[in-house]
Amino acid sequence: PVALIAFSPFAIYFCSEVKQYSVDLLTAALLLLLFFLFADGEVSTTTLAVAGAISMWLSHPAAFVVFGCIAVLGVRAFRHREFEFRTRYVRLGIIYLLNSAVLWVLSLRALSKHGYMLAFWASDFMPRLPHTTAQFRWFSDHYLDFFDNPAGLLSELAAVLFIAGCISLYRR
């Protein structure tokens, strides 16, 4: 994962242009490293809990990395019947959920009422409980956007590779 970040021309460009993207990438890379070390038993639950909680305050996208890693570790433990690890993952999940709630109340809640930001991002947010044809069309209209500039690949190729990876995982 670090090589994808280190050699991606888009990641390098955005990190040099805007400070926040560099903090986001650094935070994501460090979190992935910590989660890999945690999975190997080289990092304590306390260290990971503190690092994950702090990271969400430094970089809002870190929440996706943290919860994604917890989900992957939890599914892996369930599939391999490693139930002794289940309580560690549940504890981490609870800590991260509580941290997210505090972050929301103290920092992010005000953004949900910020008219300019809501209008600016309105077309990019998924419709809440879609029920019209236009709202369902949002998914097909935005599917390739998700894969725009991933590690320098064409978005169409990245989308195809994503589907192939999902099929491969499903078959396992």
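Residues numbered from 1 in each chain as written. Predicted model: local features only at pLDDT ≥ 70, side-chain atom pairs only at ≥ 80, totals over all residues. Heavy atoms only, no water.

A. Geometry of the nonpolar core. Counting residues in hydrophobic clusters, the biggest one holds 21 residues, and the most contacted among them are Leu31, Phe35, Phe38, Leu48, Met56, Leu92 and Tyr96. Breaking this core down by element, the ones donating at least two residues are helix H3 (19-39), helix H4 (45-58), helix H5 (62-79) and helix H6 (86-108). Sort the elements by how many residues they give to this core and H5 lands first, with 8 residues. Dropping the residues within four chain positions of it, phenylalanine 38 is found in contact with Val43, Ser44, Thr45, Leu48, Leu73, Arg88, Tyr89 and Leu92. (Core = buried A, V, L, I, M, F, W, Y, C linked by side-chain atoms within 4.5 Å. Buried < 20%, exposed > 50% of the residue type's maximum accessible area, 1.4 Å probe, protein only. Helix = DSSP H or I, 4+ residues; strand = E, 2+ residues; numbered from the N terminus. Contact = heavy atoms within 4.5 Å.)

B. Structural detail: H4. Look at H4: 20 Å from first C-alpha to last across 14 residues, which is about the 20 Å you get at 1.5 Å a residue. For H4, the complete set of buried residues consists of Thr45, Leu48, Ala49, Gly52, Ala53, Ser55 and Met56. Angularly, the buried residues of H4 cover 160° about the axis, an arc narrow enough to put them on a single face. Those residues of H4 that are exposed and aimed more than 90 degrees away from the buried face are Thr46 and Leu58. (Expected span 1.5 Å × (residues − 1). Arc of directions from axis to C-beta.)

C. Examining the packing of aromatic side chains more closely. What the rule picks out here adds up to 4 aromatic pairs. Between phenylalanine 38 and tyrosine 89, the aromatic rings sit 6.0 Å apart at their centres with planes inclined by 65°, giving edge-to-face as the arrangement. Placement of phenylalanine 38 in helix H3 and of tyrosine 89 in helix H6 is noted, with a sequence separation of 51 residues between them. Arranged with centres 5.3 Å apart and planes meeting at 90°, the rings of tryptophan 138 and phenylalanine 139 form a pair that is edge-to-face. (Phe/Tyr/Trp six-rings, centres within 6.5 Å; stacked < 30°, edge-to-face > 60°.)

D. Up close: a nonpolar patch on the surface. Together, Trp57, Val102, Trp104, Val105 and Leu106 make up an exposed nonpolar region whose accessible area comes to about 500 Å². At 4 residues, H6 tops the list of elements feeding residues into the nonpolar patch. Judged by its relative accessible area of 41%, valine 102 is partly exposed. (Patch = residues over 30% accessible without salt bridge, like charges linked within 9 Å, V, L, I, M, F, W, Y side chains within 5 Å. Areas by Shrake-Rupley, 256 points an atom, 1.4 Å probe, with all protein chains shown as cover. Salt bridge = Lys/Arg side-chain N within 4 Å of Asp/Glu carboxyl O.)

E. Structural detail: the confidence of the model for the protein. Scored by pLDDT, the protein has a mean of 84; 90% of the residues are at 70 or more. Confidence, expressed as mean pLDDT per element, reaches its minimum in the protein at helix H1 (residues 2-7) with 67 and its maximum at H4 with 94. (pLDDT = per-residue confidence, 0-100.)

F. Looking closely at the side chain of threonine 27. Examined against the element boundaries, threonine 27 turns out to sit in helix H3. Using a relative accessible area of 9% as the deciding quantity, one classes threonine 27 as buried. In this view, threonine 27 contacts Ser55, Ser59 and Ala62; residues no more than four positions away in its chain are not counted.

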